[in-house]
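Chain by chain, the residues:
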Amino acid sequence: MKGKVVLVTGAGGGLGTYVTQAFLDSGATVIGTSRKIQQSDFTGAGFTAIPGEISSQAGAKVLADSVVSRFGRLDVLAHTVGGFAGGQSVTDTDDATFQRMLDLNLNSVFHILRATVPALRKSSSGRIIAIGSRAAVEPGLGVGAYSASKAAMLSLIKTVAAENRDAGVTANVILPGTMDTPANRMATPGADFARWVQPANVASLVVWLASDAGKETTGAAIPVYGDV
Ligand SMILES: NC(=O)c1ccc[n+]([C@@H]2O[C@H](COP(=O)([O-])OP(=O)(O)OC[C@H]3O[C@@H](n4cnc5c(N)ncnc54)[C@H](OP(=O)(O)O)[C@@H]3O)[C@@H](O)[C@H]2O)c1
């Protein structure tokens, strides 16, 4: 990935940390963004932190413009921003929870896609990798808002894959099951962590999709479910 400019959203998160590190290990130039990201979060000359807020189109555009003006190009968008809410039936889900899921899991993708696709189309190897969820394709009880937001996001990415195939841009979604993150360990301390998905393995898949070997894979929804 030497010479490639990669934007990782949610770079300081449970998964984003691994994705950022994996791209740095691959030799890419990596811009990590989130609201609280700091330059000291990662070591290495290839890393640049750009704090940003992508819950609005304006915020996403400021971020994308800043990447292109500082680095001259953008080759890869690895979008890991997202969040979970669950435990309530659809009839018990309040407006604020439903809206929060749409904002985090769907609208953030819409904003960052509109801001970055023009630059990705100019790359000879534009790549979009978004993190969905198993729940996008296998909804269960009590996760209606989360599942619906991730399913809509998957639909959006598949459309973007079709719309940008002419420019050689690929767009794919990874569908993880429960991942072995610090937050999940804290939330369910009695669980068998060994059965969960390892974030490092998801990060390896993200880098593969971004690599030259991934150039024929587009419009895919890739299950990574672990042993649960
Ligand atoms: N954890 C799991 O078991 C699991 C399973 C399936 C799918 N997923 C999906 O995988 C992805 C990563 O999950 P995770 O557990 O790593 O989540 P996480 O730890 O909560 O990380 C998400 C990151 O996104 C950033 N962020 C949130 N809102 C933002 C905004 N408006 N603008 C910019 N950055 C924002 C946050 O950083 P700041 O606070 O600094 O902004 C946070 O570090 C998510 O899409 C999630 O839905 C997770």
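**Student:** Explain helix α2 (residues 57-71) to me, please; I cannot follow it from the model alone.
**Tutor:** Residues lying three or four places apart along an α-helix face the same way, a consequence of the helix completing one turn every 3.6 residues. Taking 1.5 Å of rise per residue, the 15 residues of α2 would be expected to cover 21 Å, and the 21 Å separating its terminal C-alpha atoms lies within 8% of that figure. Within α2 the residues assigned to the buried category are G59, A60, L63, A64, S66 and V67. Viewed end-on, α2 has its buried residues packed into an arc of 155°, placing them on one side of the element. Exposed residues pointing more than 90 degrees away from the buried face of α2 are listed as A58, V62 and S69. Packed against the buried residues of α2 are β1 (5-9), β2 (29-33) and α3 (95-122). G72, located one to two residues past α2, shows a positive phi value of around 85°.

**Student:** Would you mind showing me how to read the packing of aromatic side chains here?
**Tutor:** Each pair of aromatic rings is reported with the distance of its centres and the angle of its planes. On inspection of all chains with the given rule, the structure shows 3 aromatic pairs. Taking 4.8 Å as the distance between ring centres and 50° as the angle between the ring planes, the aromatic pair formed by F42 and F47 counts as tilted. Exposure remark for F42: the relative accessible area of 8% places this residue in the buried category. According to the relative accessible area criterion, F47 is buried, its value standing at 3%. The interplanar angle of 45° and the centroid separation of 5.1 Å between the aromatic rings of F193 and W196 together place this pair among those described as tilted. Its relative accessible area of 10% is what places W196 among the buried residues.

**Student:** Quick question: what am I supposed to make of the sheet that holds strand β3 (residues 47-49) here?
**Tutor:** Each strand in a sheet pairs with another by means of backbone hydrogen bonds, the pair being arranged parallel or else antiparallel. Overall, parallel pairing links the 7 strands, which are arranged β3-β2-β1-β4-β5-β6-β7 in an open sheet. Across the chains shown, the open sheet's two edge strands, defined by having one partner strand only, are β3 and β7 (221-224). On average, each strand axis in the sheet is tilted by 20° relative to the strand beside it, whichever way the strands run. As judged from the 3 bridges shared by β2 and β3, these two strands associate in the parallel manner. Bridge pairing in β3 places V30 opposite F47. The sheet strands contacting helix α1 (residues 16-25) are β1, β2, β3 and β4 (76-79), and the helix crosses β1 at an angle near 170°. Against the sheet, helix α4 (residues 144-164) engages β5 (127-131), β6 (170-176) and β7, with an angle of about 155° to β6.

**Student:** Explain the site of the ligand to me, please; I cannot follow it from the model alone.
**Tutor:** By nearness alone, 27 residues border the ligand, and L15, S34, R35, E53 and N184 come closest of all. In this structure, G13 approaches the ligand through a main-chain N or O atom, which is 3.3 Å from an oxygen atom. Take K36: an N or O atom from its side chain is 2.9 Å from an oxygen atom of the ligand. Across the complex, the protein chains shield 83% of the 890 Å² of accessible surface that the ligand would expose by itself. In terms of residue class, the shell around the ligand is built from 8 nonpolar, 15 polar and 4 charged.

**Student:** Whenever I open this one, the packing of α3 against α4 confuses me. Can you help?
**Tutor:** How two helices pack is summed up by the angle between their axes together with the distance between the axes. Interhelical geometry of α3 versus α4 gives an angle of 15° and a closest axis separation of 8 Å. One element, α3, and the other, α4, form an angle in the roughly parallel class. Viewed along their axes, α3 and α4 form a crossing whose handedness is right-handed. Between α3, through F98, M101, L102, N105, L106, V109, F110, L113, V117 and R121, and α4, the contact on the second element is made entirely by A145, Y146, S149, K150, A152, M153, L156, I157, V160, E163 and N164. Taken together, the residues that form the contact of α3 with α4 break down as 15 nonpolar, 3 polar and 3 charged.

So, how was this worked out
- Residues numbered from 1 in each chain as written.
- Predicted model: local features only at pLDDT ≥ 70, side-chain atom pairs only at ≥ 80, totals over all residues.
- Heavy atoms only, no water.
- Helix = DSSP H or I, 4+ residues; strand = E, 2+ residues; numbered from the N terminus.
- Expected span 1.5 Å × (residues − 1).
- Buried < 20%, exposed > 50% of the residue type's maximum accessible area, 1.4 Å probe, protein only.
- Arc of directions from axis to C-beta.
- Contact = heavy atoms within 4.5 Å.
- Phe/Tyr/Trp six-rings, centres within 6.5 Å; stacked < 30°, edge-to-face > 60°.
- Pairing = 2+ DSSP bridges.
- Axes fitted to C-alpha atoms, helices over the stretch in contact; angles between N-to-C directions.
- Near = heavy atom within 4 Å.
- Polar contact = N/O pair within 3.5 Å; in protein donor to acceptor, adjacent residues only side chain to side chain.
- Areas by Shrake-Rupley, 256 points an atom, 1.4 Å probe, with all protein chains shown as cover.
- Nonpolar A, V, L, I, M, F, W, Y, C, P; charged D, E, K, R; others polar.
- Parallel < 35°, antiparallel > 145°, perpendicular 65-115°, else oblique.
- Left-handed = near helix turned anticlockwise from the far one by under 90°.

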